[in-house]
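What follows is the residue order along each chain.
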Amino acid sequence: KNEVEQSPQNLTAQEGEFITINCSYSVGISALHWLQQHPGGGIVSLFMLSSGKKKHGRLIATINIQEKHSSLHITASHPRDSAVYICAVRPGGTSYGKLTFGQGTILTVHP
Amino acid sequence: DTEVTQTPKHLVMGMTNKKSLKCEQHMGHRAMYWYKQKAKKPPELMFVYSYEKLSINESVPSRFSPECPNSSLLNLHLHALQPEDSALYLCASSQDGDQQGRVNTEAFFGQGTRLTVV
């Protein structure tokens, strides 16, 4: 079993829909990252969380440390949101930002 | 400037060639990383530099040789690669700097170098 599990693996939505991507992890962590990667491209950091909730534009990320679970929400989804969304955790006590990655969720938003 | 810049964007090399990938950041970050990403897989950590010293080598073959000439630059020297080394190579940086690494800071990634070994 992977230390970081994301669901769903693939997600298709219509433009305007509310989208949720989930991430569960099995280790103690010091931080959790949500990352976005467009096809063939580099990675953009969306959020880094260690507790609570963060919002940036149409994106909202929440984390529940006790339940070892995080969600990424996209409100009013748009075709340009189509990308791979990756959850990555920094295991507690790990030095130098070594991240453990989930397998990613492929999001496709149709117009 | 919150960018990590990688060059070149694309590279095709033969198995006998020697080439280098370059990564640059001007955010004052003291930790820099090389990741390798195969298609449809998450990134895999290769190397970590902290304060210009190699701190983590994830059992990477010696045909990959990292170098950190100063706090802003990170190179990956390539020699005698195999076709299975073809992948997207990502550089990242973060503010992490203390030996215990307990500072929770965001990682910034570059756009990657798409490497094809023929």
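Residues numbered from 1 in each chain as written. Chains lettered and ligands numbered in written order. Predicted model: local features only at pLDDT ≥ 70, side-chain atom pairs only at ≥ 80, totals over all residues. Heavy atoms only, no water.

J.: How would you sum up the pairing of strand β2 (residues 10–13) of chain B? Please name residues and give values.
T.: Residues and elements named next belong to chain B. Here β2 shows a buried face lined by L11 and M13 and an unburied face lined by H10 and V12. In this sheet, strand β11 (residues 113–117) lies alongside β2 in parallel orientation, the contact comprising four bridges. Among the inter-strand pairings, M13 is bridged to a residue of β11, identified as V117. (Buried < 20%, exposed > 50% of the residue type's maximum accessible area, 1.4 Å probe, protein only. Helix = DSSP H or I, 4+ residues; strand = E, 2+ residues; numbered from the N terminus. Pairing = 2+ DSSP bridges.)

J.: Just give me the short version of the environment of B:G110, but keep the residues and values in it.
T.: Its place among the elements puts B:G110 in the loop between β10 (108–109) and β11. Not counting the four nearest positions on each side in its chain, B:G110 is found in contact with A:G42, A:I43, B:V4, B:Q6, B:L90 and B:C91. (Contact = heavy atoms within 4.5 Å.)

J.: Describe the nonpolar core, naming the residues involved and giving the relevant values.
T.: Residues and elements named next belong to chain A. Residues I19, L32, W34, L72 and Y85 are the most contacted members of the largest nonpolar core, which totals 25 residues. Taken together, the elements giving at least two residues each to this core come down to β2 (10–14), β3 (19–25), β4 (29–37), β5 (43–49), β7 (59–64), β8 (69–74), β9 (83–91) and β11 (105–110). When neighbours within four sequence positions are excluded, Y85 is seen to be in contact with Q6, I21, L35, Q36, L46, L72, I74, G104, T105 and L107. (Core = buried A, V, L, I, M, F, W, Y, C linked by side-chain atoms within 4.5 Å.)

J.: I'd love a proper account of the confidence of the model for chain B, names of residues and values included.
T.: The predicted model of chain B averages 89 in pLDDT, with 90% of residues at 70 or higher. Note on residues 99–103 of chain B: pLDDT is under 50 here. Beyond four places in sequence and across chains, it has 11 contacts. (pLDDT = per-residue confidence, 0-100.)

J.: Give me the packing of aromatic side chains: which residues, what numbers.
T.: All chains considered together, the criterion is met by four aromatic pairs over all chains. With centroids separated by 5.5 Å and ring planes inclined at 90°, the aromatic side chains of A:F101 and B:Y35 adopt a geometry described as edge-to-face. Here the residue A:F101 occupies a position in strand β10 (residues 100–101), and B:Y35 occupies one in strand β4 (residues 31–37), the pair thus bridging two chains. When sorted by exposure, A:F101 lands in the same class as B:Y35, which is buried. Measuring from centroid to centroid gives 6.3 Å for B:Y33 and B:Y35, while their planes differ by 40°, and the two rings are tilted. Accessibility classification places B:Y33 together with B:Y35 in one group, the buried group. (Phe/Tyr/Trp six-rings, centres within 6.5 Å; stacked < 30°, edge-to-face > 60°.)

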